[in-house]
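Fold and contact review
In case you want the letters, here they are:
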Amino acid sequence: MKRYIAAGVIAALMAGVAPATAATQVDFWHAFTGRLGELLDEQVSKFNASQDEFVVVATNKGNYSETLNAGIAAFRAGEQPDILQVFEVGTATMMAAKGAIKPVYEVMAESGLPFDQSVYLAAVAGYYTTTEGQMLSLPYNSSTPVLYVNKDALKAAGLDPEMDLSTWEQVGTALDALKESGNKCPLTTAWQSWVHLENLSAYHNVPFASQENGFAGLDTELTFNGDVQVKHIETMGQWAKDGKFIYSGRRNEGGAPFRAGECALFTESSAGYAGVKKEATFDFAIRPLPYWSDVEGAPQNTIIGGASLWAMAGQTPEEYKGVAAFFNFLSSSDIQAKWHQDTGYLPITMAAYDATKASGFYDENPGTDISIIQMTGKAPTANSKGLRLGSFDQIRGVIDEELEGVWNGSKSAKDALDSAVSRGNELLRRFEQANK
Amino acid sequence: MEKRVVFDNRWLPYLLVAPQLLVTIVFFFWPAGQAIYQSAFIPDPFGLKTQFVGLGNFEYLFSNQYYREAFLTTGVFSVLVTVSSMSFALWLAVLADRVIKGSGAYRTLLIWPYAVAPAIAGVLWLFMFNPFTGIIAWMLSQLGYAWNHNLDGGEAMALVVAASAWKQISYNFLFFLAGLQAIPKSVIEAAAIDGASFWRRFWTIVFPLLSPTTFFLLVVNVIYAFFDTFGVIHTITQGGPQQSTTILVYKVFADGFIGQDLGSSAAQSVVLLVLVTILTVVQFRFIERRVHY
């Protein structure tokens with residue numbers, strides 16, 4: 001009798017467990033914490049609730065660099081997740097690792113789910129697409145730099161808060177007035193290399209590197225020491241010397257003083273919107289990134305930052321089905337539209353943009369559509385499609401160092417950029433060697 | 001009388017040291033061997049393919065002017081950290097040793113910072129010295145000094161040294177205090193009765209008697225400055241501005257864990273290994289001779 005009871009208990013347990021094990025687990029490693037982490041978890045639980053075939057388990061693995069590291073270490077140990085969030089700087093590293101990733105277009109084709117690359121914003125998707133037009137990773141959270149303006153500070157300096165700041169020349173006049181009126185921090189920036197060299201180059205349609213900014217091959221060389229870039233950095237250096245541009249650090253350290261009302265102008269990612277909106281107690285506006293009016297063809301379009309989702313190699317077909325289903329879900333327009341509106345990241349599909357427009361969100365939150373207009377206003381050229389450079393995190397480090405030399409007056413703009421180019425090229429050669 | 005311990009069993013001594021040897025082999029020799037092996041290759045981050053380059057990684061390193069400068073930076077940094085944390089700790093220990101009332105509370109308070117993780121210590125100091133929002137930066141600006149360690153290499157160095165030393169003071173304090181309390185009071189009292197001033201008593205009696213402790217701490221602090229400080233540097237300056245705070249161990253961390261350049265990172269670890277071996281030999285050969293046990 002006891003035996004029958006035991007068997008019955010086991011059967012009952014298995015019956016209870018069965019539905020849970022039937023669902024395929026899809027592991028998703030990401031770099032979001034705080035509010036963004038909550039919003040991401042919300043999306044994941046929505047997906048898990050929408051069907052019972054797959055369960056996505058999202059795990060935070062630290063910041064972008066740490067997440068990429070965790071993914072690489074896990075791959076080497078044969079324990080890689082199904083989906084890895086990788087920042088745009090790591091794109092070339094992932095692309096070069098052919099045996100470590102499974103391209104999105106393959107994952108989607110095998111799943112049999114509808115997948116049309118043309119619904120994604122060209123300017124965003126282009127970053128993650130091969131020169132043959134095949135999408136390698138799914139665009140997820142992309143942003144682009146914009147100019148944040150403290151209107152109260154402009155008013156205090158006797159300027160019209162609605163004044164035109166679309167060119168650097170006009171920004172220069174505003175800075176003069178701000179400085180004159182005793183403003184301690186007329187202009188500051190976040191992510192100096194991304195905003196003032198990478199985006200500057202794309203926006204003025206000049207190359208940042210040869211081989212279509214690295215898209216066309218590993219044998220690329222940096223070229224961001226051209227006239228346009230030198231002129232811009234020289235001007236910024238002069239502003240730094242005059243106390244009109246205040247350097248606040250390599251990442252987004254400038255966000256705190258801007259939100260506190262100490263800085264008047266601030267160049268930062270469109271995804272900084274959520275923070276500014278929440279904390280700023282002054283009247284602020286979002287404006288397009290300024291350009292130099294004497295450069296022919298400017299403004300082109302800006303390029304993105306942020307991250308995309310990669311499917312890792314070596315998983316079961318079942319798991320890839322789950323990855324495809326999740327990617328399909330993330331690309332749906334209502335999910336994307338909500339993400340865009342909540343975070344300030346760009347919508348990744350045209351449908352999500354149209355849905356947001358139709359909902360009247362842009363009218364209620366003026367300036368939130370500037371990022372997307374700035375990116376999609378013109379069809380991307382070879383110079384403005386994006387950047388795909390190996391060891392790019394290190395190259396940015398080199399650029400940061402050299403720019404610091406300009407800001408503290410120990411180097412001329414030309415010397416600093418020349419030196420950054422030659423030091424960066426060394427790193428590119430090493431990357432090429434490692435990925436022969 | 002025979003002073004040495006004599007074992008009857010031939011194998012017992014080997015058995016007794018075996019655990020220690022095993023730990024040393026697994027956690028020191030094996031990783032060190034791996035580092036030397038890896039320094040001869042340029043692998044891609046995922047370990048899919050790898051290029052043998054022989055000494056190429058070292059050539060690449062030493063042809064880089066910034067890497068050569070990092071040696072000087074490391075020297076300046078470790079001397080400043082070691083000297084400031086040890087002298088400050090000694091001063092505090094001497095003061096705490098003289099306190100009679102509430103000495104327990106003082107000691108506890110002085111030991112606290114040691115429990116703080118390096119990265120947290122870095123963030124704490126960063127908050128205080130943030131050029132825009134930091135309280136100390138604000139005080140300095142009231143005095144007419146514009147603090148911005150993002151641009152000024154000297155200020156950045158001062159900040160990472162202060163944060164690193166601050167964290168280590170507690171540890172040094174503990175050892176100095178224990179050392180001070182082990183000195184027989186009668187010796188000092190006798191000197192006092194003979195009319196020796198406080199400073200004379202300190203330099204001729206206390207400090208020499210503290211020399212074993214001081215030597216031990218010197219070794220520990222140099223190793224700390226060399227290996228355990230990258231958390232502080234990463235949170236405060238990321239090695240900047242212009243590499244003015246890039247010490248060797250930070251470069252290993254940055255190239256290996258941020259830049260994914262494992263070949264160069266391994267080669268740098270080997271360089272560090274050699275450097276610390278030399279330093280340790282120098283310390284034990286030359287400085288230890290001046291120590292009275």
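Predicted model only: the values in this text are computed from it and were never measured.

Here we take up the overall build of chain A. Summing up its helical and strand segments, chain A has 20 helices and ten strands in all. For chain A, the C-alpha radius of gyration of 24 Å lies close to 22 Å, the compact-globule estimate for 436 residues. Its C-alpha atoms give chain A principal-axis dimensions of roughly 95 × 50 × 35 Å. Counting the 436 residues in chain A, one finds 59% classified as buried. Counting only contacts in chain A whose residues sit at least 6 apart along the sequence, the fraction spanning at least 24 positions is 77%. Put simply, chain A shows about 16600 Å² of open surface, and 54% of that area lies on carbon and sulfur atoms.

A tally of helices and strands in chain B yields 13 helices and two strands. Projected onto the principal axes, the alpha-carbon positions of chain B cover approximately 75 × 75 × 30 Å. When contacts within chain B are restricted to residue pairs at least 6 apart in sequence, those whose partners lie at least 24 apart make up 69%. Carbon and sulfur atoms make up 70% of the accessible area of chain B, which totals about 16400 Å². Charged side chains of chain B number 16 positive and 14 negative; the gap between the two group centres comes to 10 Å.

Bringing the confidence of the model for chain B into the picture now. Mean pLDDT for chain B: 90, with 99% of residues reaching 70 or above. On the interface metric, ipTM, the complex scores 0.83, and its pTM is 0.87.

This next bit is on helix 13 (residues 262–287) of chain B. Because each turn of an α-helix spans 3.6 residues, side chains separated by three or four positions end up pointing in the same direction. Its 26 residues give helix 13 of chain B an end-to-end C-alpha distance of 36 Å, which sits within 8% of 38 Å, the value for a rise of 1.5 Å per residue. All of the buried residues in helix 13 of chain B are Gly263, Ser264, Ser265, Ala266, Ala267, Gln268, Val270, Val271, Leu272, Val276 and Gln283 of chain B.

Turning our attention to the UniProt feature "transmembrane region" (unreviewed entry) in chain B. Residue and element names in this part refer to chain B. The positions UniProt marks with the feature "transmembrane region" (unreviewed entry) are residues 12–30, 70–96, 108–136, 156–180, 201–227 and 266–287. Secondary structure over residues 12–30 splits into 100% helix and 0% strand, and the C-alpha atoms at its two ends are 25 Å apart. Between the end C-alpha atoms of residues 201–227 the distance is 36 Å, and the span holds 96% helix and 0% strand.

This part covers a nonpolar patch on the surface. Residues and elements named next belong to chain B. Taken together, the side chains of Val17, Leu21, Leu22, Val23, Ile25, Val26, Phe27, Phe28, Phe29 and Trp30 make up a nonpolar region of the molecular surface, amounting to roughly 1000 Å² of accessible area. Relative to the elements of secondary structure, Val17 occurs in helix 1 (residues 12–38). For Val17, a relative accessible area of 41% puts it in the partly exposed group.

Glancing now at the side chain of Thr67 of chain A. Residues and elements named next belong to chain A. Here Thr67 lies in helix 3 (residues 64–76). The exposure class of Thr67 is buried, given its relative accessible area of 0%. Discounting chain neighbours no more than four positions away, the residues touching Thr67 are Trp29, His30, Ala31, Lys61, Gly62, Leu84 and Gln85.

All names here are of chain A. All chains considered together, the criterion is met by 21 salt bridges over all chains. One salt bridge connects Arg423 with Glu402, and the closest N-O pair in it is separated by 2.8 Å. Here Arg423, found in helix 20 (residues 413–434), pairs with Glu402, found in helix 19 (residues 392–407); they are 21 residues apart in sequence, far enough to count as distant. Looking at Glu402, the relative accessible area reads 2%, which means it is buried. When salt bridges that share partners are traced, they join Glu401, Glu402, Lys411 and Arg423 into one network.

Before going further, it helps to examine the packing of helix 15 (residues 333–343) of chain A against helix 16 (residues 350–358) of chain A. Residues and elements named next belong to chain A. Two elements in contact, helix 15 and helix 16, have axes separated by 8 Å at closest approach and are oriented at 65 degrees. The two elements helix 15 and helix 16 meet at a crossing, and its hand is right-handed. Contacts between helix 15 and helix 16 involve Ser333, Gln336, Ala337, His340 and Gln341 from the first element and Ala351, Ala352, Ala355 and Thr356 from the second. Tallied by class, residues from the contact of helix 15 with helix 16 come to four nonpolar, five polar and no charged.

Residues and elements named next belong to chain A. Following the criterion strictly, the structure yields one disulfide over all chains and no others. Two residues, Cys185 and Cys263, share a disulfide whose sulfurs are 2.1 Å apart. One quick way to see it: the torsion about the S-S bond of Cys185 and Cys263 is about 90 degrees, and its sign makes the bridge right-handed. Highlighted residues: Cys185 in strand 7 (residues 185–189) and Cys263 in strand 8 (residues 263–269), separated in sequence by 78 residues.

All names here are of chain A. In terms of residue burial, strand 1 (residues 24–30) counts as a mostly covered element, since five of its seven residues are buried. Note: strand 1 against strand 3 (residues 83–87), two bridges, orientation parallel. Following the sheet pairing, Phe28 is matched in strand 3 by Ile83.

All names here are of chain B. Tallied over the entire structure, the rule returns 47 aromatic pairs over all chains. Here the aromatic rings of Phe62 and Tyr67 are separated by 5.5 Å at their centres, their planes lie at 80 degrees, and the arrangement is edge-to-face. Given a relative accessible area of 36%, Phe62 falls into the partly exposed group. Exposure remark for Tyr67: the relative accessible area of 1% places this residue in the buried category. Relative to Phe207, the ring of Phe202 has its centre 6.1 Å away and its plane inclined at 40 degrees; by these criteria the two rings are tilted. On the accessibility criterion, Phe202 (6% relative accessible area) is buried. Using a relative accessible area of 28% as the deciding quantity, one classes Phe207 as partly exposed. Ring pairs connect the aromatic residues Phe198, Trp199, Phe202, Trp203 and Phe207, which therefore count as one cluster.

Cut-offs applied
- Throughout this document, residue positions are counted from 1 along each chain, in the order its sequence is written.
- Written order determines the labels here, with chains lettered from A and ligands numbered from 1.
- Whole-chain, interface and lining totals are the exception, using all residues; otherwise, since this is a predicted model, local features are given only for residues with pLDDT of at least 70 and side-chain atom pairs are given and counted only at 80 or more.
- Neither water nor hydrogens contribute to the side-chain values; these are computed over all heavy atoms in the structure.
- Here a strand is any run of E in DSSP of at least two residues, a helix any run of H or I of at least four, and the numbering for each starts at the N terminus.
- For the radius of gyration, the atoms used are the C-alpha atoms, and the globule rule reads 2.2 Å times the number of residues raised to 0.38.
- Between buried and exposed lies partly exposed: a residue is buried under 20% and exposed over 50% of the maximum accessible area for its type, with that area taken using a 1.4 Å probe on protein chains only.
- Contact definition: two residues touch when any of their heavy atoms are within 4.5 Å.
- Note on areas: Shrake-Rupley, 1.4 Å probe, and residue coverage restricted to the protein chains presented here.
- Counted as positive: Lys and Arg. Counted as negative: Asp and Glu. His and the chain ends are not counted at all.
- Each charge is placed at NZ for Lys, CZ for Arg, CG for Asp and CD for Glu.
- The predictor rates its confidence in each residue with pLDDT, a number between 0 and 100.
- Between the first and last residue of a helix there are one fewer steps than residues, each counted as 1.5 Å, and that sum is the expected span.
- UniProt positions are given in the numbering used here, feature names are shortened, and annotations may be inferred rather than shown by experiment.
- Like-charged residues are merged into a patch within 9 Å and nonpolar side chains (Val, Leu, Ile, Met, Phe, Trp, Tyr) within 5 Å, provided each residue has over 30% relative accessible area and no salt bridge.
- Salt bridge criterion: a side-chain nitrogen from Lys or Arg within 4 Å of a carboxyl oxygen from Asp or Glu.
- Note on geometry: axes are C-alpha line fits, over the in-contact stretch for helices, and angles between N-to-C directions span 0 to 180 degrees.
- By definition, turning the near helix anticlockwise from the far helix through less than a right angle yields a left-handed crossing, and turning it clockwise yields a right-handed one.
- Only Asp, Glu, Lys and Arg are considered charged, only Ala, Val, Leu, Ile, Met, Phe, Trp, Tyr, Cys and Pro nonpolar, and every remaining residue, Gly among them, polar.
- Note on terminology: pairs of cysteine sulfur atoms within 2.5 Å are recorded as disulfides.
- Whether two strands pair depends on DSSP finding at least two bridges between them.
- Here a pair means two rings of Phe, Tyr or Trp (six-membered ring of Trp) with centres within 6.5 Å. Their orientation is stacked below 30 degrees between planes, edge-to-face above 60, and tilted elsewhere.

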